[in-house]
Amino acid sequence: MKNLSHINEEGNAVMVDVSDKTVSSRIAVASGKVVFPAAVFQTLSKQEFLGKKGSIVQTAVIAGIQGVKKTSELIPLCHQINLTKINVDIVPGDNEFLINCTVKCNGKTGVEMEALTGVSVAALTIYDMCKALSQDIIISSLQLEQKKGGKNDFQR
């Protein structure tokens, strides 16, 4: 049976000790989407996804990158990690934006939380830039797609 890694025997929150782990190449990919009412997405599409605040997609990409960099400040038990690559990709779909975030590092701990944070912050930025058109915008399907490196690899 697996145990929670951030809870000790006394039930207290702890940061995982990675001192004895070996450095390895790590990668994580997360995804999510921002779903719009059809009329709102059509309006945005006609405007080439440019709002009063600028390019919706490019602003969300930059915000996602910033979110990845700030993960250890936002999630209390995350380690500070020297990142080697961040890619935030946002593409329009059927009344939605599809967001993918890939994060890489060479380190002792994985970058899953960084990838998930990147998607989250990008999605929240899209919401913020579009909320004047509708509050009926849904952020959904935030999930880890894959991780490599460390003890266990994962592929959805």
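Anything mentioned here points back to the structure above.
Residues numbered from 1 in each chain as written. Predicted model: local features only at pLDDT ≥ 70, side-chain atom pairs only at ≥ 80, totals over all residues. Heavy atoms only, no water.

**Section: the pattern of salt bridges**
Applying the stated criterion to the full structure yields three salt bridges. For E73, the salt bridge identified is with K70, shortest N-O distance 3.9 Å. Residue classification places E73 among the exposed positions, given a relative accessible area of 60%. Here K70 falls in the partly exposed class, since its relative accessible area comes to 42%. Between K131 and D128 there is a salt bridge, with the nearest N and O atoms lying 2.8 Å from each other. (Salt bridge = Lys/Arg side-chain N within 4 Å of Asp/Glu carboxyl O. Buried < 20%, exposed > 50% of the residue type's maximum accessible area, 1.4 Å probe, protein only.)

**Considering the side chain of T71**
Mapped onto the fold, T71 is located in helix 3 (residues 71-74). The class for T71 is buried, based on a relative accessible area of 0%. In terms of polar contacts, T71 uses its side chain to reach the backbone carbonyl oxygen of V68, at 2.9 Å. When residues no more than four places from it in sequence are discounted, the contact partners of T71 are C78, M113, E114 and T117. (Helix = DSSP H or I, 4+ residues; strand = E, 2+ residues; numbered from the N terminus. Polar contact = N/O pair within 3.5 Å; in protein donor to acceptor, adjacent residues only side chain to side chain. Contact = heavy atoms within 4.5 Å.)

**Notes on the sheet that holds strand 1 (residues 24-35)**
Strand order in the open sheet formed by five strands is 4-5-1-6-7, with antiparallel pairing between adjacent strands. Both edges of this open sheet fall to strand 4 (83-92) and strand 7 (154-155), since each of them pairs with a single strand only. With nine bridges connecting them, strand 4 and strand 5 (residues 96-107) associate as antiparallel partners. Bridge pairing in strand 5 links I86 to V103. Across the sheet, helix 2 (residues 56-69) lies against strand 4 and strand 5, angled at about 150 degrees from strand 4, the strand it touches most. Sheet contacts for helix 4 (residues 112-130): strand 1, strand 4, strand 5 and strand 6 (138-148); angle to strand 5, the most-contacted strand, approximately 150 degrees. (Pairing = 2+ DSSP bridges. Axes fitted to C-alpha atoms, helices over the stretch in contact; angles between N-to-C directions.)

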